[in-house]
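# Fold and contact review
Next come the chains, spelled out residue by residue.
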Amino acid sequence: EEPTWVAGVVQEFSAVTQLEPSEARRILEMHGFELDPAIDAYFSGDGSSMGAGEGAARRAREESRGAAAAEEDQDPRRAMAEHLPGGRYDAPGSGGAPSHAGSTGAASGAGVVATGQPGSLLASALRSIVGLFSSGESQVPAEAAAGRFEAFFSRRYQVESPFVPQSFREAAALARNQGKFLLVYLHSPLHQDSDEFCRRTLASNAFRHFAQQRLVAWAGSLEFPEPFQLMQSFQPAAFPFVALVMCKPGNQNEALPFRVEGKLSAEDLVHQLTLFMASAQEELSRVVAEQRRREESSHLRQEQDMEFQRALEADRERAQSQSQEQGEEEAKEEGAKAQADLDAAIELSKKLTKEANLKRKRDKLQAEPPVGPDTTKLRFQFPNGSKIDRRFLANQTTQDVFDFVDVYMGENELSIESYSLATNYPRRLLEDKTQTLEQAGLHPKCVLYVQDLDA
């Protein structure tokens, strides 16, 4: 069965390239459903990513628009930005305004952002992209989204990813438990510097070794909800964006004043991280000590609670042992009295129920009708030999006959709990209590025998 996220990737690629979903799926399959490589290959004119008709149509468009238009169409980030309100894209070297950022507010090699105000249009673009594809990507769990980026990073750059394949919350808990800083990298798939920053800086041996030894590193692509929400919290001025977070006890995460906003070499990034972490080590040590103090306090409380429960159990067992012999006789007496009370209550309940049923049947029973063509005469013969005659209307039901017998036996103290009514010859039991007397063959007269079923 195809994963649910594949449909979202196909929809996103189709929206960017204006291809039919079937053609978009074919091209994505050639690139393992990795969105960025497929877009790069498509807009770079790679023939292997296009069918013959699509390639010819693309060449015709490029010839009609001229070299300048074709150059603009080759970059997928320009196409995505220009489809958004107020969208604009500054290619590298085109004179766009650079945004510098770093651990102290400045760093060399800063990136170029697609706006005059750093980060604002890119954030707007990402909001539109996330909204456009939210029907597919918002259904991806945070842990799965992080795992997808970690897998993408490893495949694209052919290295072991330094990032944990977990949600941000889980990564923060891991950093808190290990007493380490949490490094956060927000990957912008729209920014022209993201791929180079990942390849040259984050995928370098220097950074990966440093991160694995000194940090818990987490990364997320802004096309997914959790990283996008973090971007709204961090409010980065430019991309690529890296920040440090101190994970305090009680799930309190504090963003530290270390931020990289723009390209930075692996050596410079590791150097700045080393300097900042050294300056913040005292605070981290205090946080770690507080975390350990809380854990020890919680562990001590648990041990105290367990010891208290053990003491209570020992006292309970001792008290039970001491009073066992003394309480056995009392328990027997109390048990006998309780059983007697229960039996009496059951008997009383049965009596009250029987009296209530008799009253209901007595109130429901019609008066004995006079002799006439519509009158059925019945004679009842009881097990003790007593007999009684009673007239009923022919259209009354056999249930009325049973109710009369119940009332008669109750008023005359005939202790028959379960009985049946049957004719003598031919012998026939009255079982359908919904039949009229005429339907049951009792009209105009009949003898019914009351049989005690418990005898």
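Residues numbered from 1 in each chain as written. Predicted model: local features only at pLDDT ≥ 70, side-chain atom pairs only at ≥ 80, totals over all residues. Heavy atoms only, no water.

Attention now moves to the overall build of the protein. Regarding its fold elements, the protein presents 15 helices and nine strands. Classification of the 455 residues of the protein by burial places 42% in the buried group. Counted over contacts in the protein with a minimum sequence separation of 6, partners at least 24 positions apart contribute 64%. (Helix = DSSP H or I, 4+ residues; strand = E, 2+ residues; numbered from the N terminus. Buried < 20%, exposed > 50% of the residue type's maximum accessible area, 1.4 Å probe, protein only. Contact = heavy atoms within 4.5 Å.)

With that out of the way, let us pick up the sheet that holds strand S8 (residues 428–429). One open sheet accounts for five strands, arranged S6-S5-S9-S7-S8; its pairing is mixed. On the outer flanks of this sheet lie strand S6 (387–393) and S8, each paired with one strand and no other. Across seven bridges, the pairing between strand S5 (residues 375–381) and S6 is antiparallel. Of the residues in S6, the one forming a bridge with Phe380 is Ile388. Contacts from helix H15 (residues 398–411) reach S5, S6, strand S7 (419–423) and strand S9 (445–452), with the element oriented near 125 degrees to S7. (Pairing = 2+ DSSP bridges. Axes fitted to C-alpha atoms, helices over the stretch in contact; angles between N-to-C directions.)

Glancing now at the packing of helix H11 (residues 205–214) against helix H13 (residues 266–279). To characterise two packed helices, one gives the angle between the axes of the helices and the distance between these axes. Look at H11 against H13: their axes get within 10 Å of each other, and the N-to-C directions meet at 25 degrees. The angle between H11 and H13 falls in the class roughly parallel. Contact residues: H11 offers Ala206, Phe207, Phe210 and Arg214, while H13 offers Leu269, Val270, Leu273, Thr274 and Met277. For the contact of H11 with H13, the residue count by class is seven nonpolar, one polar and one charged. (Parallel < 35°, antiparallel > 145°, perpendicular 65-115°, else oblique. Nonpolar A, V, L, I, M, F, W, Y, C, P; charged D, E, K, R; others polar.)

Let us look at the side chain of His187. Turning to its location among the elements, His187 is positioned in strand S1 (residues 181–187). Among the polar contacts made by the side chain of His187, one reaches the side chain of Tyr185 at a distance of 2.9 Å. Once residues lying within four places of it in the same chain are set aside, the contact partners of His187 are Asp36, Phe149, Ser194, Cys198, Gly220, Ser221 and Leu222. (Polar contact = N/O pair within 3.5 Å; in protein donor to acceptor, adjacent residues only side chain to side chain.)

Before going further, it helps to examine the packing of helix H1 (residues 4–17) against helix H2 (residues 21–30). Contact pair H1 / H2: the axes reach a minimum separation of 9 Å and the direction vectors enclose 110 degrees. When the axis of H1 is compared with that of H2, the two are roughly perpendicular. Within the contact between the two elements, H1 uses Val6, Val9, Val10, Phe13 and Ser14 and H2 uses Pro21, Ala24, Arg25, Ile27 and Leu28. Residues belonging to the contact of H1 with H2 are distributed by class as follows: eight nonpolar, one polar and one charged.

Further remarks concern a negative patch on the surface. A surface patch of like charges, here negative, comprises Glu325, Glu328, Glu329, Glu330, Glu333 and Glu334. Given a relative accessible area of 71%, Glu325 falls into the exposed group. (Patch = residues over 30% accessible without salt bridge, like charges linked within 9 Å, V, L, I, M, F, W, Y side chains within 5 Å. Areas by Shrake-Rupley, 256 points an atom, 1.4 Å probe, with all protein chains shown as cover. Salt bridge = Lys/Arg side-chain N within 4 Å of Asp/Glu carboxyl O. Lys, Arg positive; Asp, Glu negative; His and termini not counted. Charge placed at Lys NZ, Arg CZ, Asp CG, Glu CD.)

For the structure shown, the criterion picks out 19 aromatic pairs. Seen from their ring centres, Phe153 and Phe163 are 5.5 Å apart, and the 90 degrees between their planes marks the pair as edge-to-face. On the criterion of sequence distance, the pair formed by Phe153 in helix H8 (residues 142–157) and Phe163 in the loop between H8 and helix H9 (168–178) is long-range, its members being 10 residues apart. Pair check on accessibility: Phe153 and Phe163 agree, each one buried. Three or more aromatic residues joined by ring pairs form one cluster here, namely Phe149, Phe152, Phe153, Tyr157, Phe163, Tyr185 and Phe197. Looking at Arg390, its charged tip hangs above the ring of Phe392, at a distance of 4.8 Å from the centre. (Phe/Tyr/Trp six-rings, centres within 6.5 Å; stacked < 30°, edge-to-face > 60°. Lys NZ or Arg CZ within 6 Å of the ring centre and 35° of its normal.)

What follows concerns the confidence of the model for the protein. Here the protein shows a mean pLDDT of 78. Residues at 70 or above account for 76%. Within the protein, the element-level pLDDT minimum falls on helix H5 (residues 76–82), averaging 38, and the maximum on S5, averaging 96. Contacts from residues 59–138, a stretch scored under 50 in pLDDT, to residues over four places away or in other chains number 149 contacts. (pLDDT = per-residue confidence, 0-100.)

Quick look at H1 now. For H1, spanning 14 residues, the distance from its first C-alpha to its last is 21 Å, which sits close to the expected 20 Å at 1.5 Å a residue. Within H1, the full set of buried residues consists of Val6, Gly8, Val9, Val10, Glu12, Phe13, Ser14, Val16 and Thr17. At the C-terminal side of H1, Gln18 shows a positive phi close to 65 degrees. (Expected span 1.5 Å × (residues − 1).)

Turning next to the pattern of salt bridges. Taken as a whole, this structure holds 18 salt bridges when the rule is applied. Between Glu411 and Arg362 there is a salt bridge, with its nearest N and O atoms 3.0 Å apart. Taken together, the positions of Glu411 in helix H15 and Arg362 in helix H14 (residues 281–364) put the pair 49 residues apart, joining distant regions of the chain. On the basis of relative accessible area, Arg362 is assigned to the partly exposed category, the value being 37%. Through salt bridges with shared partners, one network takes in Asp193, Glu196, Arg200 and Lys263.

Attention now moves to the pairing of S7. Along S7, five of the five residues are buried, which leaves the element largely enclosed by surrounding structure. Judged from the five bridges that link them, S7 and S9 form a sheet pairing that is antiparallel. For Tyr419, the partnering residue across the bridge sits in S9 and is Asp452. The sheet contact formed by S7 and S8 spans two bridges and is antiparallel. Looking across to S8, one finds that Thr423 is bridged to Arg428. Count of turn residues in the S7/S8 antiparallel hairpin: four residues.

With that settled, the discussion passes to the environment of Gln192. Within the secondary structure, Gln192 sits in the loop between S1 and helix H10 (194–202). Placed 48 residues apart in sequence, Gln192 and Pro240 show a C-alpha to C-alpha distance of 9.3 Å.

This part is about the nonpolar core. Counting residues in hydrophobic clusters, the biggest one holds 33 residues, and the most contacted among them are Leu244 and Leu273. For this core, the secondary structure elements donating two or more residues are H8, S1, H10, H11, strand S2 (215–221), strand S3 (241–248), strand S4 (252–261) and H13. If sequence neighbours within four positions are ignored, Leu244 has contacts with Phe181, Leu182, Leu183, Leu215, Glu254, Ala255, Leu256, Phe258, Leu273, Phe276 and Met277. (Core = buried A, V, L, I, M, F, W, Y, C linked by side-chain atoms within 4.5 Å.)

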